[in-house]
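Commentary on secondary and tertiary structure
These are the residues of each chain, in order.
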Amino acid sequence: MPTEPVIIVHGGAVSGVHTYGSSEARVLGVQAAALAGWEKLKETGCALDAVEVAVCSLEDNPTFDAGTGSVLNQAGEIEMDAIIMDGKNLDTGAIACVQNIKNPVKLARKVMENTHHCLLVGKGANLFAEKVGISTVPLEELVTEISRQKLELCNGSYEDRCKHAFKASNVKKCVKHSDGEHDTVGAVAIDVHGNMAAATSTGGITAKMVGRVGDSPVIGAGCYCDNVSGGVSCTGHGESIMKVTLASRITMYIEEGLSAQEAAEKALDYMFNKTEGAGGVIAVSKTGEVGVHFTTGFMSWAFVKSGKLHYGWIPGENHTRAVE
Amino acid sequence: MPGAVVLVHGGAGKIPKANNDVDNQARLYGVKSAATAAYEALLAGASAVDAAETAVRCLEDFPVFNAGVGSRLNLAGEVEMDAAIMDGRGLRAGAVGAVKNVKNPVSLARKIMDLTPHVLLVGEGASQFAQESGVQLVPMQELITEKSRRALAQVKSLPFGIDPKAEEEEEEHGTVGAAVMDTAGNLATSISTGGISGKHVGRVGDSPIIGGGIYCDNMVGAAVATGQGESIIRTCLANNIIQLMSTGMAPQQAGDSALETMRQRVSGLAGVIVLDRHGNSGICCNTGHMSWAQLKDNELSWGLSADDRNTEEISL
């Protein structure tokens, strides 16, 4: 019996009242990405293709901190991380600290399909990009005015910025400190064959140290996907997510019998208790149930299922409209 | 309160041929020395993290192991190393991927944990931080051995190039690691590797992946892996072992079970050393060979495989 296809995307968990970009741009962006992924699901019936297309859409959208619109590191450059995972046999491809690539998720897919490896970093990742014919773009094409402003206005330590950017549900306190927030992107899908895929992509956190890698390209942390349980993509305070292996924690809870939503909530609670870090997750179980949860002020998300597009930004929000 | 425990391994691989006896003696000497140095440190009041760092530094300095000096070479003939350290208190962690010219990558991982707000630094950024943090830097030649050169030449001669499963097929012996409990009952783990011979430039394996090759939580236990890196990462091996122990499973059983799951899911083979929060240990390996040593209650145990268990009393 064919499975009902589902695709869900997120555009990043952010702290409080944002001063950069608009909530409207973020919501429109995740809607467009979810719909693009949905079209791909209908066209090829392949979850892997769908998450790649959805994440590319978010990478190309300068509103989000991935691909174009990535934030800048301490040296004023862009270093990007991305991962894609195939739930069928746990095949994975990831890249970290790659530069001047328009769509890091595409490069991650090449790592998965063209090498025996799972993760390539730095100059090695860029060398591989050349080898597989993925062209580079000038840094200026990826940098936005907002990313520059975020770096310039960054004062105080990285820890302070993170505390303010990712303090759980700390909306009021964050009004004065809305720099440092970032919008990692991700997608999870299940196709008509019951195969699952997940992907995450990011430029990281403003003013991170050169060479810093967060949770996004780390299997089990920023992303995990296994046909026997489910698929997950995460966003938020990277170091906290890594320490509790957030994505694989969620798939483990699903395997233990929790719903995707329960698993998402339990895992984020666990992370807060252990590390005081906050974030957001999207999850799809192997039966196509969807979970969305975030402990930051806001997270843009959207999913398509049963002919309807669902989306939200504020906690508890769940708007719907029909999809053709 | 359980006393100090040190458990180290020198890498997993295939059952060695007879003419490897000299190397096996060197491996045994290495793991025993590393375990002893770490245990002595614990008895002198060092923390689990200090001892875990000490053990792996010792292994990195022995050319027979594929870490620090003696690291295998990437396709370009260079040494790029991965390492990590994790403190069971508060899940603090530091990791480094694809770093060059650092004599003891585990010490760089420690600096990342202690001195930065980050967990993982890679590539040139990691090298930059290495310079700033004061860890010892060496010319790459000092890390390269004749054995590493031969291993690369052998991979390059294969018709289809590198096969990551080769790590447990030939003489390849991988990652080194340590799991430690100090006299206060705190746990720490450490890990270091040069990776697979002929790996793509910039390839990072399981070692610096928290939850993959390494994990440590005072509330549950500690696990450190060695073997086919990509398989370890894809199945979140260390994480799985910790989860099994959190349900009450003993360390030996948890390690064996997780390795079997990994073998069934992705056909990968590996070795792993495990400690629970009571100081009980597990030595698990399905590749056929893994040099290891343990010091506990003044008793030194060691072996060349998970089934090879030798013991002697020592006085320190």
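Thresholds applied
- Residues numbered from 1 in each chain as written.
- Chains lettered and ligands numbered in written order.
- Predicted model: local features only at pLDDT ≥ 70, side-chain atom pairs only at ≥ 80, totals over all residues.
- Heavy atoms only, no water.
- Contact = heavy atoms within 4.5 Å.
- Buried area = accessible area lost by both parts, 1.4 Å probe.
- Salt bridge = Lys/Arg side-chain N within 4 Å of Asp/Glu carboxyl O.
- Helix = DSSP H or I, 4+ residues; strand = E, 2+ residues; numbered from the N terminus.
- Nonpolar A, V, L, I, M, F, W, Y, C, P; charged D, E, K, R; others polar.
- Pairing = 2+ DSSP bridges.
- Phe/Tyr/Trp six-rings, centres within 6.5 Å; stacked < 30°, edge-to-face > 60°.
- Lys NZ or Arg CZ within 6 Å of the ring centre and 35° of its normal.
- Axes fitted to C-alpha atoms, helices over the stretch in contact; angles between N-to-C directions.
- Parallel < 35°, antiparallel > 145°, perpendicular 65-115°, else oblique.
- Expected span 1.5 Å × (residues − 1).
- Buried < 20%, exposed > 50% of the residue type's maximum accessible area, 1.4 Å probe, protein only.
- Patch = residues over 30% accessible without salt bridge, like charges linked within 9 Å, V, L, I, M, F, W, Y side chains within 5 Å.
- Areas by Shrake-Rupley, 256 points an atom, 1.4 Å probe, with all protein chains shown as cover.
- Lys, Arg positive; Asp, Glu negative; His and termini not counted.
- Charge placed at Lys NZ, Arg CZ, Asp CG, Glu CD.

1. Notes on the interface of chain A and chain B
- With 44 residues of chain A at the interface, the matching set in chain B holds 40 residues.
- When the two sides are added together, the surface that chain A and chain B hide from each other amounts to roughly 3,500 Å², 64% of it contributed by carbon and sulfur.
- Of all residues in chain A, His117(A), Met209(A) and Lys243(A) give up the largest surface area on contact with chain B, accounting jointly for 18% of the area buried on that side.
- The interface formed by chain A and chain B holds four salt bridges in total.
- We note a salt bridge from Arg234(B) to Asp91(A), for which the minimum N-O separation is 3.3 Å.
- Looking at the side of chain A that touches chain B, the element that brings in the most residues is helix α4 (residues 122-131) of chain A, giving six residues.
- Considered class by class, the residues forming the side of chain A that touches chain B number 22 nonpolar, 10 polar and 12 charged.
- The pairing of strand β7 (residues 212-213) of chain A with strand β4 (residues 120-122) of chain B spans two bridges and is antiparallel. For Val213(A), the partnering residue across the bridge sits in β4(B) and is Leu120(B).

2. Some remarks on the packing of aromatic side chains
- The tally for this structure, following the rule as stated, stands at four aromatic pairs over all chains.
- Where Tyr29(B) meets Phe62(B), the ring centres are 5.9 Å apart and the plane angle is 90 degrees; that geometry is what we call edge-to-face. Taken together, the positions of Tyr29(B) in helix α1 (residues 21-43) and Phe62(B) in the loop between α2 (48-61) and β2 (81-87) put the pair 33 residues apart, joining distant regions of the chain.
- Taken together, the aromatic side chains of Tyr29(B), Phe62(B) and Phe65(B) make up a single cluster linked through ring pairs.
- Over the face of the ring belonging to Tyr253(A) we find Lys266(A), whose NZ or CZ atom lies 4.5 Å from the ring centre.
- Here the basic side chain of Lys32(B) rests over the ring of Trp302(B), its NZ or CZ set 3.7 Å away from the ring centre.

3. Comments concerning the sheet that holds strand β8 (residues 221-227) of chain B
Residue and element names in this part refer to chain B.
- In spatial order, the strands read β7-β8-β9-β10; together these four strands make up an open sheet with antiparallel pairing. Among the strands making up the open sheet, the edge pair consists of β7 (214-217) and β10 (281-285). Strand-to-strand, the axes of this sheet are offset by a mean angle of 10 degrees, without reference to chain direction.
- Judged from the four bridges that link them, β7 and β8 form a sheet pairing that is antiparallel. Within β8, the residue paired with Tyr215 across the bridge is Ala223.
- This element, helix α7 (residues 237-246), spans β7, β8 and β9 (270-276) of the sheet and lies at about 145 degrees to β8.

4. Some details on the sheet that holds strand β12 (residues 298-305) of chain A
Residue and element names in this part refer to chain A.
- Read across the open sheet, the nine strands follow the order β4-β3-β2-β6-β5-β1-β12-β13-β14; overall the sheet is mixed. Sheet topology places β4 (119-121) and β14 (319-322) at the edges, where each strand pairs with a single neighbour. Within the sheet, the average angular offset between the axes of one strand and its neighbour, ignoring direction, is 10 degrees.
- Lying on the sheet, helix α3 (residues 104-114) is in contact with β2 (80-86), β3 (91-98), β4 and β6 (196-202); it crosses β3 at an angle near 130 degrees.

5. Some details on the packing of helix α3 (residues 105-115) of chain B against helix α4 (residues 123-133) of chain B
All names here are of chain B.
- Orientation of α3 relative to α4, taken along the N-to-C sense of each, is 80 degrees, at an axis distance of 10 Å. The angle between the axes of α3 and α4 places the two elements in the roughly perpendicular class. Residues Leu108, Lys111, Ile112 and Leu115 of α3 pack against Ala126, Phe129, Ala130 and Ser133 of α4.
- Its residues assigned to classes, the contact of α3 with α4 shows six nonpolar, one polar and one charged.

6. Considering helix α1 (residues 23-44) of chain A
All names here are of chain A.
- The terminal C-alpha atoms of α1 lie 32 Å apart, and with 22 residues this matches the ideal 32 Å at 1.5 Å per residue to within 8%.
- Taken together, the buried positions of α1 are Arg26, Val27, Gly29, Val30, Gln31, Ala33, Ala34, Gly37, Trp38 and Leu41.
- Those residues of α1 that are buried lie in contact with β1 (6-14), α2 (47-60), β5 (185-190), β12, β13 (308-312) and β14.
- Taken from the residues just after α1, Gly45 is the one with a positive phi, measuring 65 degrees.

7. Digging into a negative patch on the surface
Residues and elements named next belong to chain A.
- On the surface, a cluster of negative charge is made up of Glu262, Glu265, Asp269 and Glu289.
- Along the polypeptide, Glu289 turns up in the loop between β10 (279-285) and β11 (290-294).
- Given a relative accessible area of 34%, Glu289 falls into the partly exposed group.

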